[in-house]
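So you can see what is in the structure, the chains are spelled out below.
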Amino acid sequence: MLAYRHAFHAGNHADVLKHLVLSEVLRHLVAKDKPFTLVDTHAGAGGYTLFEGPAQKKLEFEHGIARLWGRNDLPPAVARYAELVRQFHGAEGKAWPRLGYYPGSPQIANMLLRPDDPLHVYELHTTDHRLLEETLGSRPHTRVSKADGFAALKGELPPPSKRGVVLMDPSYEIKTDYAAALSAVREGLRRFAQAVMLVWVPQVQLRESVDLPQRLKSAAHGAPRGWLHARLTVQPPDAKGFGLMGSHMVVINPPFGLHATLAESLPYLVKRLGQYDGAHHLLEQHAV
């Protein structure tokens, strides 16, 4: 787990889905005056360079954010997400006419949260933790911790403001991450049933990957606002049955309007990001 670095995958189709959902959830919460706390359990480096370094190894962003870059037919929510990516280019001090940088979830939060909204990020990789401290260390009400984000939730929930969002997107490079994510959600809801919890799950041909979205929905049985499940499938498995076919976002206690937003956005993403004729999406919600 400590060897994993998201820089190799920055801006891919899974990031597009994850960060579209995250940004729309945060926009909803900042519409109310009362502050809220965002806890990012696996924050990564915060921001990434696409034109050199790890991102160039597999060029995954070319099948993700690059397919949306510069388009003028984006649905409103996708356009708002793409604008955040453009803003991040400006924050880097570069006037790039082409796609060159990509913001991770901590930087998306940094652009959307208000100064009095606490941001608590966790990252175990030494280099990525250092980069997070350099970019977010001066932000008010921010804590950057080199610690296990799953275990940290016990001390994070409930937040002082009684409004909180948790983003969980571990690498799942070790199978125990699936069970750890489920346990963390159960513990988090036990401590703070009103928490808005966003869990990213890879769509791969492993039983743990297939089962986790259903188990998360079962864990959310007592959540006051139920759950929402979005899945974006863009490619088939490779000849050996491996590969990232797509990804899931399970949102517990989803804000009002998120389902309608994704119902408009996901068909467009299938059209633009799909890499085979069978590309499709799934969107379902259970409201209490």
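Calculation rules
Residues numbered from 1 in each chain as written. Predicted model: local features only at pLDDT ≥ 70, side-chain atom pairs only at ≥ 80, totals over all residues. Heavy atoms only, no water. Helix = DSSP H or I, 4+ residues; strand = E, 2+ residues; numbered from the N terminus. Rg over C-alpha atoms; globule rule 2.2 N^0.38 Å. Buried < 20%, exposed > 50% of the residue type's maximum accessible area, 1.4 Å probe, protein only. Contact = heavy atoms within 4.5 Å. Areas by Shrake-Rupley, 256 points an atom, 1.4 Å probe, with all protein chains shown as cover. Lys, Arg positive; Asp, Glu negative; His and termini not counted. Charge placed at Lys NZ, Arg CZ, Asp CG, Glu CD. Salt bridge = Lys/Arg side-chain N within 4 Å of Asp/Glu carboxyl O. Phe/Tyr/Trp six-rings, centres within 6.5 Å; stacked < 30°, edge-to-face > 60°. Expected span 1.5 Å × (residues − 1). Bend = angle between axes of the 7 residues up to and from the residue. Pairing = 2+ DSSP bridges. Axes fitted to C-alpha atoms, helices over the stretch in contact; angles between N-to-C directions.

**Q** Account for the overall build of the protein chain, naming residues and giving values.
**A** A tally of regular secondary structure across the protein chain gives nine helices and ten strands. Its C-alpha radius of gyration of 17 Å places the protein chain within 12% of the 19 Å reference for a compact globule of 288 residues. Each of the three principal axes of the protein chain carries a C-alpha extent, and together these read 40 × 40 × 35 Å. Taking all 288 residues of the protein chain together, 54% fall into the buried category. Put simply, 76% of the contacts in the protein chain that link residues at least 6 apart link residues at least 24 apart. Per element, the accessible surface of the protein chain, about 12400 Å² overall, is 53% carbon and sulfur. The distance from the centre of the 33 positive side-chain charges to the centre of the 28 negative ones in the protein chain is 3 Å.

**Q** Give me the lowdown on the pattern of salt bridges, citing residues and values where you can.
**A** Within the structure shown, the criterion is met by 13 salt bridges. Close ionic contact of Lys 18 with Asp 15 constitutes a salt bridge, the shortest N to O distance being 3.3 Å. With Lys 18 and Asp 15 both in helix H1 (residues 13-30), this residue pair falls three residues apart, about one helical turn. For the pair formed by Lys 18 and Asp 15, the shared burial category is buried. In this structure, Asp 73 and Arg 71 form a salt bridge, with 3.0 Å as the shortest nitrogen-oxygen distance. One continuous salt-bridge network, built from bridges that share partners, spans Asp 15, Lys 18 and Asp 169.

**Q** An account of the packing of aromatic side chains is requested, with residue identities and associated values reported.
**A** By the definition in use, this model includes three aromatic pairs. With 5.5 Å between their ring centres and 85° between their planes, Phe 51 and Tyr 101 make a pair best called edge-to-face. Taken together, the residues span a long stretch of sequence, with Phe 51 in the loop between strand S2 (47-49) and helix H2 (55-58) and Tyr 101 in strand S3 (residues 101-103) at a distance of 50 residues. Using a relative accessible area of 6% as the deciding quantity, one classes Tyr 101 as buried. Three or more aromatic residues link up through ring pairs in this structure, and these residues are Tyr 172, Tyr 178 and Trp 200.

**Q** Explain helix H8 (residues 207-219) to me, using residue names and the numbers behind them.
**A** Between its terminal C-alpha atoms H8 stretches 18 Å, which fits the 18 Å expected from 13 residues at 1.5 Å a residue. Within H8, the axis deviates most sharply at Pro 213, by approximately 30°. All of the buried residues along H8 are Ser 209, Leu 212, Pro 213, Leu 216 and Lys 217. Among the structural elements, helix H7 (176-191), strand S7 (196-203), strand S8 (227-233), strand S9 (246-252) and strand S10 (280-286) are those in contact with the buried residues of H8.

**Q** An account of the sheet that holds strand S6 (residues 164-168) is needed here, citing residue identities and associated values.
**A** Whenever strands of a sheet pair, they do so through backbone hydrogen bonds, lying parallel or antiparallel. One open sheet accounts for eight strands, arranged S5-S4-S1-S6-S7-S9-S8-S10; its pairing is mixed. Whereas interior strands pair on both sides, the edge strands pair on one side only; in this sheet they are strand S5 (142-145) and S10. Between one strand and the next, the sheet's axes are offset by a mean angle of 10°, whatever the strand orientation. Bridge count for strand S1 (residues 37-40) against S6 is four bridges, and the pairing is parallel. In the sheet register, Val 39 faces S6, and the bridge partner there is Val 166. Taken strand by strand, helix H9 (residues 258-273) contacts S8, S9 and S10, and its axis lies near 170° from that of S10.

**Q** Can you lay out the environment of His 286 for me, pointing to particular residues and giving the numbers?
**A** Residue placement: His 286 occurs in strand S10. Taking the relative accessible area as the measure of exposure, His 286 reaches 38% and is therefore partly exposed. Sequence-wise, His 286 and Arg 225 are 61 residues apart; in three dimensions their C-alpha atoms are separated by 8.2 Å. Residues contacting His 286, with those up to four places away along its chain left out, are Arg 225, Gly 226 and Trp 227.

So, to be careful, I would describe these as geometric facts and stop short of saying anything about function.
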